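# Chain and residue survey
The primary structure of each chain is shown beneath.
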Amino acid sequence: MATVEHEQVEAEQAPSNLIEVENPGTGEIIATVPELDAAAVAELAARGRSAQPHWESYGFQGRARVMLRAQKWVMDNAERITKTIVSETGKTWEDAQLAEIGYAGNAFGFWAKEAEGFLADEKVRSSQVLVLGKKLLLRHRPLGLIGVIGPWNYPFTNSVGDCIPAMMAGNSVILKPSEITPLTSMLLAEGLRECGLPENVLQIATGRGATGAALIEHVDMIMFTGSTKTGRKVAEAAARRLIPASLELGGKDPMIVLADADVERAANFATYYSMQNAGQTCISIERVYVEAPVYDEFVAKVSEKVRELRVGRPEGPGSVEVGAITFPPQMETIKDHVADAVQKGARVLAGGNQTPGAGRFFEPTVLVDVDHTMKCMTEETFGPTLPIMKVGDADEAVRLANDSVYGLGASVFSKDTERGEAVARRLQSGAANVNDAMINYTVLELPMGGAKSSGLGSRHGAGGIRKYCSQQAIVVTPKLAMKKEIFMYPYKSRTSKMLAGLFKVMYGRGKRA
Ligand code: NAD
């Protein structure tokens, strides 16, 4: 059994290669995990397939019992899981606690409780006269074997989190966590086994991109979270196999501050939701548009708040506000976006540099005098940076907010909530919060997904579990039925005329346009 306690993590398969896992807060190598090759992935797939029917036979109640035990297990082991997340991401204790442990607790309970209702047979009524008296049902049945591929920024929420509804639907799952952060997934798989999840219902395929690509060749559906660039490759591979793909991709979330906003609240939210998780959240606030009358006040408040943030190695609860940059190449992107902005005329009001010393950290940064010729306003930065732009009015803010290939989240601040909602409705994004940001993600009853190049499909809500199922239409004719229907052979002119009359009565009463 794989365990993350050891310096060297045991392989589920004979390793063809090993991947070193680094603590980005210290630079130390904390574990090595195997890189599974295509043959090893095929073996996991065969095991997952043979485990699935038994798991499906548990029924919703049986599966819910395992998930509720897992919910308790997460709470009992919260400190151990948090430490694992912090060690492989370098994020702060609080970022792990709120957005991963808190999410885990909510998600295990939510899917345990709601899955049956979301997937219950639906009785359908039809206006079609030929099925009068027949039983019509829409049924959702598990697809079989689901592949989940995750990114490094939320090792629980965006990897294990997406496995929960897949398993509750009765599927077995192979999760390919990011090669940067595989330890949390391995720990959770161990925990789920302790909670009574049958062997091979959730298997972890550690590895890099090639392992992910191999996984797509074996599963019945792929749930992918990661960059838009990789998402396209995943979509192409899924299309070749004609399997469904659900894609949660990158973002460049705008925030709009209208002149009638509560500027103090807007400044607090801009600061928190741009710097939380060191800006490495798909739905981080990545750019702000502020109406001219409150621009100076907003910039002054945000700059002051950002300058007060402590950045560095997380030593436990309450030690720092901004943690590490998890993925080494991300540091180059952040530096490039800041340098590009400065070179084109932006001013840095806070931060602006990588911090010296051990670990990988970037100072919380505020940029002004920015525009859409700059990468910091158009490309995903995924770091602790906040570019702020002055706009003439709400129309300009909406135009600029929509001037993006992305469309994940967005937020609008205004004390006039009707006006705020009207502006939110004009934004081309999968979610829009008024006087808030990012909070929609925590509402598991609402769908979470991206518009434009931010993705296809969504997680959460009824659609977030139905996507792991195929639909089956069931039509049952009662036993006391006629020996044959009137439209059957032999064709007779009298019957055809009667049917023509019937169609006219049924469909011919509308007005011509
Ligand atoms: P990435 O695309 O580089 O990698 C994601 C995963 O895909 C990794 O596990 C990687 O090993 C795997 N992979 C790489 N090549 C593959 C291939 N050819 N076939 C199959 N799998 C392959 O993304 P990342 O850098 O790990 O994550 C950061 C990105 O994720 C950001 O763009 C962020 O916005 C996005 N993200 C989106 C959401 C969301 O819900 N929309 C949530 C979190 C992160």
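Shown above is the structure to which this text applies.
What this report covers is the structure whose coordinates are included nearby. Since the model is a prediction, treat every value here as computed from it, not as a measurement. (Residues numbered from 1 in each chain as written. Predicted model: local features only at pLDDT ≥ 70, side-chain atom pairs only at ≥ 80, totals over all residues. Heavy atoms only, no water.)

The next thing to look at is the overall build of the protein chain. Along the backbone of the protein chain there are 16 helices and 20 strands. When the backbone C-alpha atoms are referred to their principal axes, the protein chain occupies close to 85 × 65 × 40 Å. Looking at the protein chain as a whole, 55% of its 513 residues are labelled buried. Within the protein chain, contacts between residues at least 6 apart in sequence are counted, and of these 72% link residues at least 24 apart. (Helix = DSSP H or I, 4+ residues; strand = E, 2+ residues; numbered from the N terminus. Buried < 20%, exposed > 50% of the residue type's maximum accessible area, 1.4 Å probe, protein only. Contact = heavy atoms within 4.5 Å.)

So, on to the site of the ligand. Neighbouring residues of the ligand: 31 residues in total, closest Gly150, Lys176, Glu179, Ser227 and Glu380. The contact in question runs from an oxygen atom of the ligand to an N or O atom on the side chain of Lys176, over 2.7 Å. Relative to its unbound accessible area of 850 Å², the ligand is 89% covered by the protein chains. When each cavity is represented as a set of grid points, the ligand is found to reside in the largest pocket. Those elements giving two or more residues to the shell around the ligand turn out to be helix H7 (209–216), strand S8 (221–225) and helix H8 (228–241). When the residues that make up the shell around the ligand are grouped by side-chain class, the tally is 12 nonpolar, 12 polar and seven charged. (Near = heavy atom within 4 Å. Polar contact = N/O pair within 3.5 Å; in protein donor to acceptor, adjacent residues only side chain to side chain. Areas by Shrake-Rupley, 256 points an atom, 1.4 Å probe, with all protein chains shown as cover. 1 Å grid on protein atoms, 1.4 Å probe; cavity = no way out; pocket = protein on both sides within 12 Å on 5 of 7 lines; lining within 4 Å. Sits in = over half its atoms within 2 Å of the grid points. Nonpolar A, V, L, I, M, F, W, Y, C, P; charged D, E, K, R; others polar.)

Taken in spatial order, the three strands of this open sheet run S3-S4-S20, and their pairing is antiparallel. Each edge of the open sheet carries a strand with a single partner, namely strand S3 (122–123) and strand S20 (469–476). As paired elements, S3 and strand S4 (residues 135–142) share two bridges and run antiparallel to each other. From the neighbouring strand, Glu122 faces S4, where its bridge partner is Leu138. (Pairing = 2+ DSSP bridges.)

As a further point, take the state of the cysteines. This structure, assessed with the given rule, holds zero disulfides. Distance from the sulfur of Cys195, which forms no disulfide, to the nearest cysteine sulfur (Cys163) is 15 Å. Cys376 carries a free sulfur, and the closest cysteine sulfur to it, the one in Cys282, is 20 Å from it. (Disulfide = S-S within 2.5 Å.)

Moving on, we get to the pattern of salt bridges. According to the stated counting rule, one finds 25 salt bridges in the structure shown. A salt bridge links Arg360 to Glu22; the nearest nitrogen and oxygen atoms lie 3.1 Å apart. Here Arg360, found in the loop between strand S12 (347–350) and strand S13 (365–368), pairs with Glu22, found in strand S1 (residues 18–22); they are 338 residues apart in sequence, far enough to count as distant. As a salt-bridge pair, Glu286 and Lys252 come within 2.8 Å of each other at their nearest N and O atoms. With Glu286 in strand S11 (residues 285–291) and Lys252 in the loop between strand S9 (245–248) and strand S10 (253–257), this pair connects stretches of sequence that are 34 residues apart. Per residue, the accessibility class of Glu286 equals that of Lys252, and both read buried. Each member of the salt-bridge network shares a partner with another, and the members are Asp162, Glu248 and Arg459. (Salt bridge = Lys/Arg side-chain N within 4 Å of Asp/Glu carboxyl O.)

Mapped onto the elements, Arg287 comes out in strand S11. The side chain of Arg287 is buried and forms no salt bridge, while Asp403, the nearest opposite charge, is found at 6.7 Å. Among the polar contacts listed, one links the side chain of Arg287 to the backbone oxygen of Lys252, at a separation of 2.7 Å. Within polar-contact distance, the side chain of Arg287 engages the backbone oxygen of Ala401 at 3.0 Å. Apart from residues no more than four positions distant in its own chain, Arg287 is found in contact with Lys252, Asp253, Pro254, Met255, His372, Met377, Pro387, Leu400, Ala401 and Ser404. (Lys, Arg positive; Asp, Glu negative; His and termini not counted.)

Our focus in this paragraph is the sheet that holds strand S5 (residues 145–149). If you trace the six strands from one edge of the open sheet to the other, you get S7-S6-S5-S8-S9-S19, paired in mixed fashion. Bordering the open sheet on either side are strand S7 (202–204) and strand S19 (455–456), each of which pairs with just one other strand. Pairing analysis gives five bridges linking S5 to strand S6 (residues 172–176), with the strands arranged parallel. From the neighbouring strand, Ile149 faces S6, where its bridge partner is Lys176. Lying on the sheet, helix H6 (residues 183–194) is in contact with S6 and S7; it crosses S7 at an angle near 150°. Against the sheet, H8 engages S8 and S9, with an angle of about 175° to S8. (Axes fitted to C-alpha atoms, helices over the stretch in contact; angles between N-to-C directions.)

This next bit is on the layout of surface pockets. The calculated volume of the largest pocket comes to roughly 1,000 Å³. Lining the largest pocket are 39 residues; nearest its centre among them are Trp152, Phe224, Gly226, Ser227 and Thr230. For the lining of the largest pocket, the secondary structure elements donating two or more residues are H7, S8, H8 and helix H11 (328–343). With seven residues, the top contributor of residues to the lining of the largest pocket is H8. When its volume is computed, the second largest pocket comes out at roughly 330 Å³. If you go around the second largest pocket, you meet 19 residues; those closest to its centre are Leu98, Ala99, Met438, Tyr441 and Thr442. Those elements that place two or more of their residues in the lining of the second largest pocket are helix H4 (93–119), helix H5 (156–168) and helix H9 (263–275). By residue number, the principal contributor to the lining of the second largest pocket is H4, which donates five residues. Counted by class, the lining of the second largest pocket contains 12 nonpolar, seven polar and no charged residues. (Points joined across faces, edges and corners; volume = space filled by probe spheres on them.)

Mapped onto the elements, Glu248 comes out in strand S9. The class of Glu248 is buried, set by a relative accessible area of 3%. Leave out the neighbours within four places in its chain, and Glu248 touches Met223, Phe224, Thr225, Gly226, Met448, Gly449, Gly450, Ser454, Gly457, Ser458 and Arg459. In terms of polar contacts, Glu248 uses its side chain to reach the backbone amide nitrogen of Arg459, at 3.3 Å.

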